[in-house]
Amino acid sequence: MNPDLSALDAFLEEADLDGYLVEADGEDSDQRYLSGFTAPDPFVTLYTGEGHLLVSALEYGRAKRNARAETVERHSEYDHRKNLEEYGQTEGGHRTLAAFLDAHDVESVATPVDFPLGTADGLRDLGVTVEADYDDTVESIRATKTDEEVEHIRSAQKANEAAMARAEELLAEADIEDGTLVFDGEALTSERVKQEIEIELLRHGCALDETIVACGADAADPHDRGSGPLSADEAIIIDIFPRSKETGYYADMTRTFCVGDPSAEIAEWYDLTLEAQEAALDAIEAGVTGSEVHGAVCDVYEDAGLPTLRSDETTETGFIHTTGHGVGLDIHEFPRVSEQDNELQAGHVVTVEPGLYDPAVGGVRIEDLVVVTEDGHENLTDYEKSLVL
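Presented here is a report on the structure given in the accompanying data block. Only a predicted model underlies this, so the values are computations on that prediction, with no experimental measurement involved. (Residues numbered from 1 in each chain as written. Predicted model: local features only at pLDDT ≥ 70, side-chain atom pairs only at ≥ 80, totals over all residues. Heavy atoms only, no water.)

This part covers the overall build of the protein. The number of helices and strands found in the protein is 10 helices and 21 strands. With respect to the three principal axes, the spread of C-alpha positions in the protein is 75 × 45 × 35 Å. Looking at the 389 residues of the protein, the share that counts as buried comes to 53%. By sequence separation, contacts in the protein at least 24 residues apart represent 63% of the contacts at least 6 residues apart. Counting every atom, the protein has about 17,100 Å² of accessible surface; 42% of that belongs to carbon and sulfur. Separation between the mean location of the 26 positive side-chain charges and that of the 88 negative ones in the protein comes to 9 Å. (Helix = DSSP H or I, 4+ residues; strand = E, 2+ residues; numbered from the N terminus. Buried < 20%, exposed > 50% of the residue type's maximum accessible area, 1.4 Å probe, protein only. Contact = heavy atoms within 4.5 Å. Areas by Shrake-Rupley, 256 points an atom, 1.4 Å probe, with all protein chains shown as cover. Lys, Arg positive; Asp, Glu negative; His and termini not counted. Charge placed at Lys NZ, Arg CZ, Asp CG, Glu CD.)

Relative to the assigned elements, Ala217 resides in the loop between strand 11 (212-215) and strand 12 (236-240). Overall, the relative accessible area of 49% leaves Ala217 in the partly exposed class. Spatially, the C-alpha atom of Ala217 lies 4.9 Å from that of Gly362, the residues being 145 residues apart in sequence.

Looking now at the state of the cysteines. All told, the structure shown has 0 disulfides when counted by the stated rule. Of the cysteine sulfurs around Cys258, a residue in no disulfide, the closest is that of Cys215, at 8.3 Å. Owing to a relative accessible area of 0%, Cys258 belongs among the buried residues under this scheme. (Disulfide = S-S within 2.5 Å.)

Taking strand neighbours across the sheet as the criterion, the 6 strands line up as 4-3-2-1-5-6 in an open arrangement whose pairing is mixed. Unpaired on one side and paired on the other, strand 4 (71-74) and strand 6 (129-132) mark the two borders of the sheet. In this sheet, adjacent strand axes meet at a mean angle of 25° when their direction is disregarded. In this sheet, strand 5 (residues 108-111) lies alongside strand 1 (residues 19-24) in parallel orientation, the contact comprising 2 bridges. (Pairing = 2+ DSSP bridges. Axes fitted to C-alpha atoms, helices over the stretch in contact; angles between N-to-C directions.)

Strand order in the open sheet formed by 3 strands is 11-12-14, and the pairing between neighbours is antiparallel. Because the sheet does not close on itself, it has two edges, and the strands there are strand 11 and strand 14 (253-257). The sheet shows a mean angle of 10° between the axes of neighbouring strands, taken without regard to direction. Sheet analysis places strand 11 next to strand 12, joined by 4 bridges and oriented antiparallel. Of the residues in strand 12, the one forming a bridge with Val213 is Ile238.

What follows concerns the packing of helix 4 (residues 80-103) against helix 5 (residues 117-125). One can describe the packing of helix 4 onto helix 5 by two numbers: an axis separation of 9 Å at closest approach and a directional angle of 65°. Considering the relative orientation of helix 4 and helix 5, their crossing is right-handed. Contacts from His94, Leu97, Ala98 and Leu101 in helix 4 reach Gly118, Thr119, Gly122 and Leu123 in helix 5. For the contact of helix 4 with helix 5, the class distribution of residues is 4 nonpolar, 4 polar and no charged. (Left-handed = near helix turned anticlockwise from the far one by under 90°. Nonpolar A, V, L, I, M, F, W, Y, C, P; charged D, E, K, R; others polar.)

Turning our eyes to something else, we now look at the pairing of strand 4. Across 4 bridges, strand 3 (residues 51-55) lies against strand 4 in parallel orientation. Bridged to Leu53 within strand 4 is Val72. Read from strand 3 through helix 3 (residues 57-66) to strand 4, the crossover connection turns out right-handed. (Right-handed = clockwise from strand over helix to strand, strands pointing away.)

Omega for the peptide link from Phe334 to Pro335 comes to 5°, which places this bond in the cis form. You can see Pro335 is positioned in strand 16 (residues 333-337). The phi angle at Asp16 is positive, at roughly 55°, despite the residue not being glycine. Structurally, Asp16 can be placed in the loop between helix 1 (6-15) and strand 1. What makes Asp16 exposed here is its relative accessible area of 64%. For Asp178, which is not glycine, the phi torsion reads 55° and is therefore positive.

Along the chain, the position of Val371 falls in strand 20 (residues 368-373). The exposure class of Val371 is buried, given its relative accessible area of 7%. For the pair formed by Val371 and Thr144, sequence separation is 227 residues and the distance between their alpha carbons is 9.6 Å. Residues within four places of Val371 in sequence aside, it is in contact with Val150, Gly347, His348, Val349, Gly376, His377, Glu378 and Leu380.

The quantities given are spatial measurements derived from coordinates; they are silent on function.
Written as structure tokens, this is what we have:
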């Protein structure tokens, strides 16, 4: 993938800076995007219109083969050992980095806002101008996905759907004993379903740090991961957000299920949430703001007499989060589908995930993942929406 970095060029020119500097490991999304390289330890990427990497001897060969950069250099090319011996680990490292910058005619750099403070101060002490990029320029560039990136996300979402199908299978095959779901003679727990989800994702080349399988009152907290036995006649929220081990791109999807007979309120909430999601999907197209899409969801809920954070910023029940967020190399990235007025553009990949919550009732959330297009959207999620199993 060769990203279009013309916006980064324009940012550097307007700011009158020589380059953009990232010091992070390969799990950092800006680092991976600019360098096309991953490593478990921090390394340096310098962008000056071209990419230049500074890596350890350990990573040099692999970086030469795999990185998306004009040059790949080792610390040893800048008297690194001598610098460490003469100035110590910290200042010596800063002097090596300063020499690398000087070799590329760089006297001033922009950095991500989370750039290491010690490195920034060390470079400043050596005469390099270091300014934080408060506009998050690289993240903004990352938000507009190439066709290749969309395919990476689509692939991760297919794996996600396989994992959701496995979770649904467990729920559908469970028996009900004294109000508790039972599978293979044991209480079916949130932990068991999560384990099966993770196993299925591994089979499809994806991994996840955690997932949500929350039942009843647990489901009334949007970020409660859930625990313990799952109950019949209660809403069960399953929210899975895996990452492809090969490409690093995320997917995201939520479904709400009920084994048995949902309460009248949960059934009503489910239908309202489907209506709210459809309203949001109908509103999405390039040029629309995230706040307009979010407002479409709030309209549905408020018209039904339910609270939202738009109507009551202190409410603890009802619609108590935003409508969605960007997805890519990060699970939460730009743009926001919220009260913020950021404009959606063709190529943005966002979630649409309205929901309703009350500990006395439970929770309902339905989430799809879509690509914004010039005249609407393409839904990357191909999974049925049905409450009762």
